[in-house]
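In case you want the letters, here they are:
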Amino acid sequence: MPAGIFRVCLVVITAIVNHPLLFPKENATVPEYAEDIIQKMKAHEENLRLEQLRLEQEIAGQEAALKTLEKATETEEQNIKEPLPWDLWSAMSMVIFLLIELWRQDYQDGNWQESACEEDDMAVLGKAFKGVALPDKAALANFYERCILGATGDMARKRELVEGFADDLLEALRSVCNRDADMEVEESIGVGSMYENWRVNKPLVCDLIVPFTPPEPYCFRSQTWCSRESVRPDKQGYGTIKVCRADEDAAGCICGKTKLGEDMLCLLHSQTNQTRPSGEMEDLLCFKNTQYLDADQVMKWFQIAITKSWNKISHKYEFDVTFNLLDAPGALKIKFRSGKSIAFNLTPVVQCEDSDAYFISHFPRSGLTADPASSTDWFVTFAVYERRFIHSISKKLPANACHLSCLQILSFLHGKQCSLTGPSSLTNYHLKTVMLHLLQTRPYQDWASENLEARLQDMLKFLEKSLQEKKLCHFFIGNRKVPEVLNFPVVFQKAEPLNLFRPFVLHRDAYRKTVDTFHEMLRNTSALINEYTVHIPSVGHTNMLHKESL
């Protein structure tokens, strides 16, 4: 039947196209014997009409034969749907193919040119590490002894000095504050690379966090992002701190929100034990007209308190203390008369419930991370758990394990590369996160000292893969394999994993800069190691020279 219809259409089209009145020749004139021509045309049309009737009869016969054939096979195909004709499927496939092809061209040539460029970058990134030849074990060991150990030899002495001075400073702070109205500070806690024994880049800065609590009868009640039903991605890792009375529930008492009248009393609070009005809540470092702790107010209070404390005890010391960074509450610098200086950070924090996680008011930020939208949003730090995990797993590793050595070498190389090509959004915390993941996944015996080269390659490959995928998960948040000995809060283990590289998706320029810096670091690894190994004497040689001079 399709063939017959096609033949009919072909004949009709041929008749129309060949009709002389449809396409007359140019500059043609009417012949003298017009009547004869008309007669011939009529005869020709009659012949075409007869041919058309013959074809229609032939088609009708074919349709009758087809119906007879369909009746014969109806019993066998009664449960099977009749397939679409091949011509229809071909047409539909052709249309779909054309649509896909048009969409693909628009995708490539339109608004997605930048994505195509990033894919090219990723193709290069995937091949970057394959062409890198790291120095052998002997060269790495020599470099570590000369460069890393030589730079961190006085780490313990600086820690001891800073801790002793910080204790004295905080004790003076407690004495100058009003215990009935001001915040109460607790003992400082050492965290970060200096207390995890892998700090390598100078200056060697000690990081100390100082927990503080409100005066009685108030207390802090915190709420983290993972305790909410839905939270924006930029709010992940943050929480809020509410200042409440110790004898009221988290929602607060109704007497502080409504006027009960002169003849009515609250059964929970007496007249002499009422919640402070909103104006006085600012004395508790809360945001204006709210009960939520304000990080900016805390920063101002802490700086003023530290200044008063130093003025009280400055006569006991033969050095001066100044604020190192204006945007950090406790970034201090000890300046000796000889011109040398020691920097350290005292940062106020609030304990998260009964755990060792803390809400930190301010912390050093890279160019990739933005400040929180509100000063009532506090970042949750797990620095105490990180230090505890490293110390705990170090006891299970072989003697003189190379995990910290790998991190120190990688941190040193990245720091030197950034000094050459400019700052990068890749931080030492990202590098430490890579090491923590590998410590949990690789067998303990793989971290023996003779495997330094292999483990350094593992860290570089892991970091390369994370940059490719723009995904580096926080080690603790969402990690259900955290050792039970750490007593890590279950609420954070069950939370959605936090991607530390998520900002790379939004900040493409920062991502490309980070990738370029990583490429340059890989290419310059051997050159940097050889250069610093040659120019820096060994630790043993330095000690011998020191003894001779004495």
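If you're wondering where the values come from, they're calculated on a predicted model, not measured in any experiment. Within every chain, residues take consecutive numbers counted from 1 along the sequence as written. Selection of residues for local features in this predicted model requires a pLDDT of at least 70, selection of side-chain atom pairs for listing and counting requires 80 or more, and totals for whole chains, interfaces and linings are taken over all residues. To get the side-chain values, all heavy atoms of the structure are used, and hydrogens and water are removed first.

(A) Region of interest: the packing of aromatic side chains. Two aromatic rings, drawn from Phe, Tyr or Trp (for Trp, its six-membered ring), form a pair once their centres lie within 6.5 Å of each other, and the interplanar angle then sorts them: stacked below 30 degrees, edge-to-face above 60, tilted otherwise. This model, assessed by the stated rule, comprises 26 aromatic pairs. Geometrically, the ring pair formed by tyrosine 385 and phenylalanine 488 is edge-to-face, given 5.0 Å between the ring centres and 85° between the ring planes. With a gap of 103 residues between them, tyrosine 385 in helix 10 (residues 383–394) and phenylalanine 488 in the loop between helix 13 (452–469) and helix 14 (490–493) connect regions that are remote in the sequence. With a 1.4 Å probe rolled over the protein chains alone, any residue whose accessible area is under 20% of its type maximum counts as buried; one over 50% counts as exposed, and the rest are partly exposed. Judged by relative accessible area, which is 7%, phenylalanine 488 ranks as buried. Three or more aromatic residues link up through ring pairs in this structure, and these residues are Trp225, Phe382, Tyr385, Phe389, Phe475, Phe476, Phe488 and Phe492. A cation over an aromatic ring shows up here: arginine 245 above the ring of tyrosine 218, its NZ or CZ 5.9 Å from the ring centre. Every helix listed is a DSSP run of H or I at least four residues long, and every strand listed is a run of E at least two residues long, numbered separately from the N terminus. Throughout this description, the term charge over a ring refers to an Arg CZ or Lys NZ atom that lies within 6 Å of the ring centre and within 35 degrees of the ring normal.

(B) Quick peek at the environment of cysteine 402. Tracing the backbone through its elements, the reader meets cysteine 402 in the loop between helix 10 and helix 11 (403–421). Looking at cysteine 402, the relative accessible area reads 2%, which means it is buried. C-alpha of cysteine 402 to C-alpha of asparagine 451: the two residues are 49 residues apart in sequence and 7.3 Å apart in space. Only heavy atoms matter for contacts: two residues are in contact if any of them lie within 4.5 Å across the pair. If we skip the residues at most four places from it in the chain, cysteine 402 touches Trp447, Ala448, Ser449, Asn451, Leu452 and Arg455.

(C) Structural detail: the nonpolar core. Residues Phe212, Leu293 and Leu346 are the most contacted members of the largest nonpolar core, which totals 105 residues. With residues up to four places along the chain from it excluded, the contact list for phenylalanine 212 reads Met183, Glu184, Val185, Phe220, Leu293, Val298, Trp301, Pro348, Val349, Val350 and Trp378. Nine residue types can take part in a nonpolar core, namely buried Ala, Val, Leu, Ile, Met, Phe, Trp, Tyr and Cys, and a core is a set of them joined through side-chain atoms within 4.5 Å.

(D) Here's a closer look at a negative patch on the surface. On the surface, Asp180, Glu184, Glu186 and Glu216 cluster together into a negatively charged patch. Counting through the fold element by element, glutamate 184 comes out in strand 1 (residues 184–185). Within this analysis, patches are made of residues with over 30% relative accessible area and no salt bridge. Like charges are joined at 9 Å or less; nonpolar side chains (Val, Leu, Ile, Met, Phe, Trp, Tyr) at 5 Å or less. Note on areas: these come from Shrake-Rupley sampling with a 1.4 Å probe, and a residue is covered only by the protein chains present in the view. Salt bridges are identified by distance alone: a Lys or Arg side-chain nitrogen within 4 Å of an Asp or Glu carboxyl oxygen. Counted as positive: Lys and Arg. Counted as negative: Asp and Glu, with His and the chain ends omitted from the count. A single reference atom marks each charge: NZ on Lys, CZ on Arg, CG on Asp, CD on Glu.

(E) Structural view of the packing of helix 10 against helix 12 (residues 428–441). The angle between two axes is taken between their N-to-C directions and runs from 0 to 180 degrees, where each axis is a line fitted to C-alpha atoms and a helix contributes only its stretch in contact. Orientation of helix 10 relative to helix 12, taken along the N-to-C sense of each, is 40°, at an axis distance of 12 Å. Overall, the two elements helix 10 and helix 12 adopt an arrangement that is oblique. For the crossing formed where helix 10 meets helix 12, the hand is left-handed. Contacts between helix 10 and helix 12 pair Glu386, Phe389, Ile390 and Ile393 from the former with Tyr429, Lys432, Met435, Leu436 and Leu439 from the latter. With respect to orientation, any angle under 35 degrees is reported as roughly parallel, any angle over 145 as roughly antiparallel, any angle of 65 to 115 as roughly perpendicular, and every other angle as oblique. Crossing handedness: left-handed means the near helix sits turned counterclockwise from the far one by under a right angle, and right-handed means the same turn made clockwise.

(F) A look at the packing of helix 11 against helix 13. The contact between helix 11 and helix 13 brings their axes to 9 Å, and the two run at 55°. For the element pair helix 11 / helix 13, the angle class is oblique. When the axes of helix 11 and helix 13 are compared, the crossing they make is right-handed. Where helix 11 approaches helix 13, its residues Ser405, Cys406, Leu407, Ile409 and Leu410 are matched on the opposing element by Leu452, Arg455, Leu456, Met459 and Leu460.

(G) Representation of the pairing of strand 7 (residues 331–336). By this definition, two strands are paired if DSSP reports at least two bridges between them. Of the pairings in the sheet, the one linking strand 6 (residues 319–323) to strand 7 comprises five bridges and is antiparallel in character. Residue pairing for strand 7: phenylalanine 319 is matched across the bridge by phenylalanine 336. Direction of pairing for strand 7 relative to strand 8 (residues 341–351): antiparallel, over a ladder of five bridges. Paired with lysine 333 across the strands is alanine 343, a residue of strand 8. Between strand 7 and the antiparallel strand that follows it, strand 8, lie four residues; glycine 339 among them carries a positive phi value of about 100°.

(H) Here's a closer look at unusual backbone geometry. The peptide bond linking lysine 202 to proline 203 adopts the cis configuration, its omega dihedral lying at 5°. Mapped onto the secondary structure, proline 203 falls in the loop between helix 7 (193–196) and strand 3 (206–213). Cis peptide bonds are those with omega within 30 degrees of zero, and the linkage from glutamate 216 to proline 217 qualifies with 10°. By the element assignment, proline 217 lies in the loop between strand 3 and strand 4 (218–224). Although it is not a glycine, asparagine 487 adopts a positive phi angle of roughly 55°. Among the secondary structure elements, asparagine 487 is positioned in the loop between helix 13 and helix 14.

(I) Region of the structure containing the side chain of glutamine 417. Considering the arrangement of structural elements, one finds glutamine 417 in helix 11. Setting aside residues up to four positions removed in sequence, glutamine 417 forms contacts with Gly422, Thr517, Glu520, Met521, Asn524 and Leu528.

(J) Local environment of the pattern of salt bridges. With the rule as written, the count across this model stands at 15 salt bridges. A single network of salt bridges, built from pairs that share partners, joins Arg442, Asp446, Arg455 and Asp458.

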